[in-house]
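# Structural characterization, general
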Amino acid sequence: MTESLRPIASEIRAYRAENPKMRERDIAAQLGVSEAALVAAECGLTAVRIDADANRFLSRVEELGEVMALTRNESAVHEKIGVYQKITTGEMASIVLGEQIDLRVFPSAWAHAFAVTKTDDQGEARKSLQFFDKWGNAVHKVHLRPESNVAAYDKIVADFRLDDQTQDFTADASVPAADDKPETVVDVVELRDRWTKMTDTHQFHGMLRKLKIGRRQALSNIGEDFAWQLDPSSIEAMMRESAEVELPIMCFVGNRGMIQIHSGPIAKIAPMGPWLNVMDPTFHLHLRTDHIAELWAVRKPTADGHVTSIEALDAKGEMIIQFFGKRKEGLAERPEWRSIVEDLPRLDTTVAA
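All figures in this text were calculated on a predicted structure; none of them were measured in a lab.

## Let's talk about the layout of surface pockets
Estimated volume of the second largest pocket: approximately 1500 Å³. M22, R23, E24, K118 and H143 are the residues nearest the centre of the second largest pocket, which is lined by 42 residues in total. Sorting elements by how many residues they give to the lining of the second largest pocket places strand β8 (residues 125-132) first, with four residues. In terms of residue class, the lining of the second largest pocket is built from 16 nonpolar, nine polar and 17 charged.

Laid out in C-alpha cells, this is it:
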C-alpha cells in the first residue's frame, strides 16, 4: 500500500469507531466509498483478504454447517438460515438447492472477498465471509451461527488467504450497466408473439435479449392481459393474505452475482418506517418500500399454464424483489396465489382533468 492511501484507510476506521451503531452500508455512503473499501480498511485487523472465486467457495461452504446466507441489493436484504447443500457449479452459473438455502450464482461477478471477525456488544466474535463485485458492491455474505463449524471456517480462511493484504481498495472505473435499456420503440406485435410462445419462465430473459429491450419496457408494452401495475401497498397486502392462509410463496432478491430465494410460508410481518420486514425463524426479509417506483403483476406462459408474479422495480427500472406462488415443476400454479394477486389493488392511472 502506498503512503498516499494510508490516511484513507485510517480515516475510514476512525469514522467507524465514532459511529459504532451505524450500519456498514450507511457508513460507506456517508464516506462516499464502496462497502468493500470499508472492509478492506480493516485488513490486518478484523479482516483478511481471501480468494473470491465463487465456485471454489461453493466447493467448501457445506463444511461450515448451519449458517446465515445474506444477499442484498440497494433496496432489499434477504437472509436465510440453513446449510448449503445440493451444489452444482458451472462456468456461467452455479446452483445451490438446499432445503433452506436456495441460490443462483453468477461467478463472473465475484471479484473481491474477505473473512471478517467482529466482536459484538456481549464480547462474542462474529465471523463471516463477504464477497463483492468489481465496483465494491456486496454480492453475498455468509455469517456463522452458534451451530456453525468454526474449525472448518478457520481452515477455509487459511486455504483461501491471499498474499495481498493491503488496506486500500480501488473500484473498477467502468459504470455498471443498467438492467433496463434506453427508451426505444418497441415492436409490440413481435413482443406479444414471443411472449405468448414462452413455455418456461426462464425464457423471459432470452426474449428480452433478442428484442434488445429492458424489463420495464416489456411490462409497459405487453398489454394488461399479461402485465398490469399495482398500488405499491399491494406487497404488504399480499404478504398478509398469504400469511393468513399459510400459502407458500417464493421470494427472490438478487444482484449481479447472486439471486437468493425463499420458498415456503411467511408469518411474522413487521413494518418499521420505510422498511417492510419478515421476521420468521429461518427467513428474514427487509424491503425498502419507498424505493419502489413501479410494482407490476405479471403473467408468463409456461407448459403448465401461465404463472403469476409480483415484480418491484426501482426508479432506474432495476428489479428490487420478485414474488411467485410456490409450485413444483409440471404442476399448475396454485389457484389461491393467482386469486390473491389478481385481487390486489391496481394502480390508479387516471389523471384528473
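## What to know about the packing of aromatic side chains
On inspection of all chains with the given rule, the structure shows eight aromatic pairs. When the centroid spacing of 5.3 Å and the interplanar angle of 85° are considered together, the rings of W195 and F204 count as edge-to-face. Classification of W195 by relative accessible area gives buried; the value is 0%. Each member of the aromatic cluster is reached from another via a ring pair, and the members are F57, Y84, W110 and F131. Note that R56 overlies the ring of F160, its terminal NZ or CZ placed 4.1 Å from the centroid. Between K300 and the ring centre of F204, over which it is positioned, the NZ or CZ distance is 4.8 Å.

## Looking at empty space enclosed by the protein
Summed over all chains, the structure comprises one cavity of 30 Å³ or more. Each pocket or cavity is described by its volume, and for the largest cavity that value is around 30 Å³. Class assignment of the residues belonging to the lining of the largest cavity gives a composition of three nonpolar, two polar and four charged.

## Some thoughts on the side chain of R72
Its location among the elements puts R72 in strand β2 (residues 67-72). E35 is the oppositely charged side chain nearest to the buried, salt-bridge-free R72, at an N-O distance of 5.8 Å. Beyond its immediate sequence surroundings of up to four residues, R72 is in contact with R25, V77, A138, V253, G254 and N255.

## Observations regarding unusual backbone geometry
Of note, K212 is a non-glycine position whose phi angle comes to about 55°, a positive value. With respect to the secondary-structure elements, K212 resides in the loop between α7 (203-211) and α8 (215-221). Of note in this structure, E246 is not a glycine but carries a positive phi near 55°. Assignment of secondary structure puts E246 in the loop between α9 (234-244) and β11 (249-255). Classification of E246 by relative accessible area gives exposed; the value is 63%.

## Topic: the sheet that holds strand β16 (residues 294-300)
Taken in spatial order, the nine strands line up as β4-β5-β6-β12-β11-β18-β17-β16-β10 in an open sheet, and their pairing is antiparallel. Single-partner strands in this sheet number two, and they are β4 (87-88) and β10 (227-229). Sheet topology places strand β5 (residues 94-97) next to strand β6 (residues 102-105); four bridges connect them, and they run antiparallel. Looking at the pairing, L97 lines up with D102 of β6. Strands in contact with α9 are β11, β16, β17 (307-313) and β18 (319-325); relative to β18, the strand with the most contacts, it is inclined by about 30°. Of the strands in this sheet, β10, β11, β16, β17 and β18 touch helix α10 (residues 335-342), which is tilted by about 45° from β17.

## Some details on the pattern of salt bridges
Applying the stated criterion across every chain yields a total of 24 salt bridges. Here K300 and E311 are joined by a salt bridge, their closest N and O atoms 2.6 Å apart. Within this pair, whereas K300 is found in strand β16, its partner E311 is found in strand β17, the two being separated by eleven residues in sequence. Summarising the burial analysis for this pair, K300 and E311 share the class buried. Connected through salt bridges with shared partners, the residues R25, E35, E74 and K141 form a single ionic network.

## Observations concerning the pairing of β8
Where strand β7 (residues 112-119) and β8 come together, eight bridges link them in antiparallel fashion. Each residue of the ladder has a partner; that of A113, found in β8, is F131. Hairpin remark: β7 followed by β8, antiparallel, with five residues in the connecting loop; positive phi at G123, about 85°. The turn linking β8 back onto strand β9 (residues 138-144) is made up of five residues, and G136 within it adopts a positive phi angle of 90°.

Conventions used here
- Residues numbered from 1 in each chain as written.
- Predicted model: local features only at pLDDT ≥ 70, side-chain atom pairs only at ≥ 80, totals over all residues.
- Heavy atoms only, no water.
- 1 Å grid on protein atoms, 1.4 Å probe; cavity = no way out; pocket = protein on both sides within 12 Å on 5 of 7 lines; lining within 4 Å.
- Points joined across faces, edges and corners; volume = space filled by probe spheres on them.
- Helix = DSSP H or I, 4+ residues; strand = E, 2+ residues; numbered from the N terminus.
- Nonpolar A, V, L, I, M, F, W, Y, C, P; charged D, E, K, R; others polar.
- Phe/Tyr/Trp six-rings, centres within 6.5 Å; stacked < 30°, edge-to-face > 60°.
- Buried < 20%, exposed > 50% of the residue type's maximum accessible area, 1.4 Å probe, protein only.
- Lys NZ or Arg CZ within 6 Å of the ring centre and 35° of its normal.
- Lys, Arg positive; Asp, Glu negative; His and termini not counted.
- Salt bridge = Lys/Arg side-chain N within 4 Å of Asp/Glu carboxyl O.
- Contact = heavy atoms within 4.5 Å.
- Pairing = 2+ DSSP bridges.
- Axes fitted to C-alpha atoms, helices over the stretch in contact; angles between N-to-C directions.

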